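Reading the structure
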Amino acid sequence: MIRVAAVMAVGYVLGAKAGRRRYEQIATTFRAVTGSPATKAVLDAGRRKIADRVSPDGTLTPIDADTAVWQPEKKR
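Residues numbered from 1 in each chain as written. Predicted model: local features only at pLDDT ≥ 70, side-chain atom pairs only at ≥ 80, totals over all residues. Heavy atoms only, no water.

Per an unreviewed UniProt entry, the protein chain goes by the name YtxH domain-containing protein and belongs to Mycobacterium yunnanensis.

Here's what the structure looks like:
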């Protein structure tokens, strides 16, 4: 949440200084980068590496198409 606020603040300041046209250019570039399948793949790979380091026996359980939650496997 803090990152979103920080990005919005930076975008606002840059947009206010450079004018509406430049703001739209920055916003379009940001949307293109964050919506890119390559970016999503890199983020997903990073999340999986972190999850494996935290607990290699855990799994990522999908909640919906965009969200997954880490859950430890049940011990037998």
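For the protein chain, the helix and strand inventory stands at three helices and two strands. Put simply, the protein chain has 76 residues, and 8% of those count as buried. When the accessible surface of the protein chain is split by element, carbon and sulfur atoms take 62% of a total near 7,000 Å². (Helix = DSSP H or I, 4+ residues; strand = E, 2+ residues; numbered from the N terminus. Buried < 20%, exposed > 50% of the residue type's maximum accessible area, 1.4 Å probe, protein only. Areas by Shrake-Rupley, 256 points an atom, 1.4 Å probe, with all protein chains shown as cover.)

Attention now goes to the pattern of salt bridges. Here the idea is simple: oppositely charged side chains can pair when their charged atoms come close. Taken as a whole and judged by the stated rule, the model has one salt bridge. One salt bridge connects R48 with D44, and the closest N-O pair in it is separated by 3.4 Å. Residue R48 and its partner D44 are located together in helix 3 (residues 37–54), separated by four residues, close to a single helical turn. Owing to a relative accessible area of 42%, R48 belongs among the partly exposed residues under this scheme. (Salt bridge = Lys/Arg side-chain N within 4 Å of Asp/Glu carboxyl O.)

This part is about the environment of V13. Turning to its location among the elements, V13 is positioned in helix 1 (residues 2–18). Here V13 falls in the partly exposed class, since its relative accessible area comes to 41%. Sequence spacing of V13 and Y23 is 10 residues, and the spatial spacing of their C-alpha atoms is 9.1 Å.

What follows is about the confidence of the model for the protein chain. Looking at the protein chain, pLDDT values average 78 and 70% of them are 70 or higher. Here strand 1 (residues 58–62) stands out as the element of the protein chain with the lowest mean pLDDT, 62, in contrast to helix 2 (residues 20–35), whose mean of 86 is the highest. (pLDDT = per-residue confidence, 0-100.)

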